[in-house]
Amino acid sequence: MIDSLPEQIKDIFEDYRKFVNENNNDNYEKEWNIQGWVRDFRSQSEFAFISIYDGSISQTLQILCEKNKLDNFESLDNLRGATVKVNGIVKKSPAKGQEIELVCNKIEALGLVNDKTNIILAKTVNLETLRNHQYLRSRFKSFSYIYKIRSTLLKNIHKFFNEKNFYNLDPNIITTSDCEGAGEVFTITNIDSNELIKKVKNNEKIPDNIYSQDFFQKQAFLTVSSQLQLEAFTAGLSRVYTLNPSFRAEKSKTKRHLACFTHLEWEISFIDLNQLMDFSELLIKNVINNTLNDCSREYSELNKFISKGIIDKLNNIVNQNFERITYDQALIIIEENKKKIVKMFSKEMTLNDIPSWGDDLGSFCERYICEVIYKKPVFVYNYPKDLKSFYMKLNR
């Protein structure tokens, strides 16, 4: 079969490195055709330097344009932010810190940015601005790094579960169950809401069985979790997982609440609690470690400007054994440190919010245990019966 996909910048770098390794020299010269977007442009009287990227890797490829070789040299300044097609010879770059460059034979604009106030031409754009320009996110380094890390993370998750003989399933995301009250649900319906509004305005009674007229003839939701269906699958398949989206309708706009998110869930037959914690710890460490290695360049850039300290934080997770404490032990720690916890989260809680036996620990107390007491991830087990699902195995 013929691979007819266009060549990418990643192909050029890999071909160059392969040549250097096989020939033990860097006398590389090869003609390439490449397409991409212009990130940077600078010019001198006889030369212009254009950096282009195509998303295949985080590195850009420098295009060396010589005035005596290009008929359109004087108009190259119009290519800022443009989509271009380039033909030229790739060779080792004489510039320090730059592996290769492409000496341009021909450069053609496939699409120009005519509005010179367009944010695509800005050197830097803060993340908040990009929230309102989602269609441009991938054109900026910050989000392109994040998207690449996310893609690699998903790849490594699938690889890990595949190596452990799991089945990847995608249970229905439309459900008539709220999965044991796991969160506020979004209702889906094909009932005309405008008609309902008219009835309310006209003081007309809305039928109690309104959803009997709906598509499913009952009230249906977007799922908050695929857990229940995975538990049914595991009864015959032993090991299953999903990366289905889940949906939560909590009326909160904090960074800890998402209306829709990719939800990794797994179920395993014939194991005990310690084996489950062993497996979960191994999964997290394996996936983080492999993604750090695969995306070292992206993490390095994010560590400098966007998420300072992210590499140390992730390495700290990988290089330590997770702590394991019981619910009772967690409550003792919280009681002994309650004043410090309240001081640390003074804007969010008071002493009245400190949990008693039978209460959920709460995210702030959990954070204190992880970040201050142990400085690493912590498993808490042996919760009170009333805090767990009805089918969970009781302690003997």
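So, how was this worked out
- Each chain carries its own residue numbering, running from 1 in the direction its sequence is written.
- In keeping with the predicted nature of the model, local features appear solely for residues at pLDDT of at least 70, side-chain atom pairs appear and are counted solely at 80 or more, and the whole-chain, interface and lining totals rest on all residues.
- By convention in this description, side-chain values take in all heavy atoms of the structure and omit both hydrogens and water.
- We count a stretch as a helix when DSSP gives it H or I for four or more residues in a row; a strand needs E for two or more, and each element gets its number in order from the N terminus.
- Every residue pair with non-hydrogen atoms within 4.5 Å of one another is taken to be in contact.
- The charge count includes Lys and Arg as positive and Asp and Glu as negative, but it does not include His or the ends of the chains.
- Note that the charge is assigned to NZ on lysines, CZ on arginines, CG on aspartates and CD on glutamates.
- Pairs of strands are assigned from DSSP output, requiring at least two bridges between the strands.
- Every axis corresponds to a line fitted to the C-alpha atoms, with the helix fit spanning only the stretch in contact, and the corresponding angles, defined between N-to-C directions, vary from 0 to 180 degrees.
- By definition here, a salt bridge exists when the distance from a side-chain nitrogen of Lys or Arg to a carboxyl oxygen of Asp or Glu is within 4 Å.
- Accessible area is worked out with a 1.4 Å probe on protein chains only. A residue is then buried under 20% of its type maximum, exposed over 50%, and partly exposed in between.
- The labels follow the angle: roughly parallel below 35 degrees, roughly antiparallel above 145, roughly perpendicular from 65 to 115, and oblique for the rest.
- Residue polarity follows a fixed list, in which Ala, Val, Leu, Ile, Met, Phe, Trp, Tyr, Cys and Pro are nonpolar, Asp, Glu, Lys and Arg are charged, and the others, Gly among them, are polar.

(A) Expanded view of the overall build of the protein. Helices and strands together make up the secondary structure of the protein, namely 11 helices and 15 strands. Counting only C-alpha atoms, the protein reaches 80 × 60 × 50 Å along its principal axes. Once local pairs closer than 6 in sequence are excluded, the contacts in the protein between residues at least 24 apart make up 62%. Positive and negative side-chain charges in the protein, numbering 54 and 53 respectively, have mean positions lying 4 Å apart.

(B) Focus on the sheet that holds strand 13 (residues 265–268). Pairing is mixed across the open sheet formed by 3 strands, whose spatial order is 6-10-13. At either margin of the open sheet sits one strand with a lone partner, and together these are strand 6 (167–168) and strand 13. Here 4 bridges tie strand 10 (residues 239–242) to strand 13, and the two strands are oriented antiparallel to one another. Across the sheet, the residue bridging to tyrosine 241 is tryptophan 266, located in strand 13.

(C) Examining the sheet that holds strand 1 (residues 29–43) more closely. Spatial strand order, 1-2-3-5-4: 5 strands in a closed barrel with mixed pairing. Ignoring strand direction, the axes of neighbouring strands in this sheet form an average angle of 55°. Those strands touched by helix 1 (residues 9–23) are strand 1, strand 2 (47–53), strand 3 (61–66), strand 4 (83–92) and strand 5 (100–111), and its axis lies near 125° from that of strand 1.

(D) Focus on the pattern of salt bridges. Taken as a whole, this structure holds 17 salt bridges when the rule is applied. Put simply, glutamate 281 and arginine 324 hold a salt bridge, and the shortest N to O gap is 3.5 Å. One end of the pair, glutamate 281, is in helix 6 (residues 273–294); the other, arginine 324, is in strand 14 (residues 323–326), and 43 residues separate them in sequence. According to the relative accessible area criterion, glutamate 281 is buried, its value standing at 9%.

(E) Here's a closer look at the packing of helix 6 against helix 7 (residues 296–305). For the pair helix 6 and helix 7, interaxial distance at closest approach is 5 Å and the crossing angle is 90°. Taken as axis vectors, helix 6 and helix 7 run roughly perpendicular relative to one another. Listed contacts from helix 7 to Thr291, Leu292, Asn293 and Asp294 of helix 6 are Ser296, Glu298 and Tyr299. For the contact of helix 6 with helix 7, a count of residues per class yields 2 nonpolar, 3 polar and 2 charged.

Keep in mind these numbers describe shape, not what the thing actually does.
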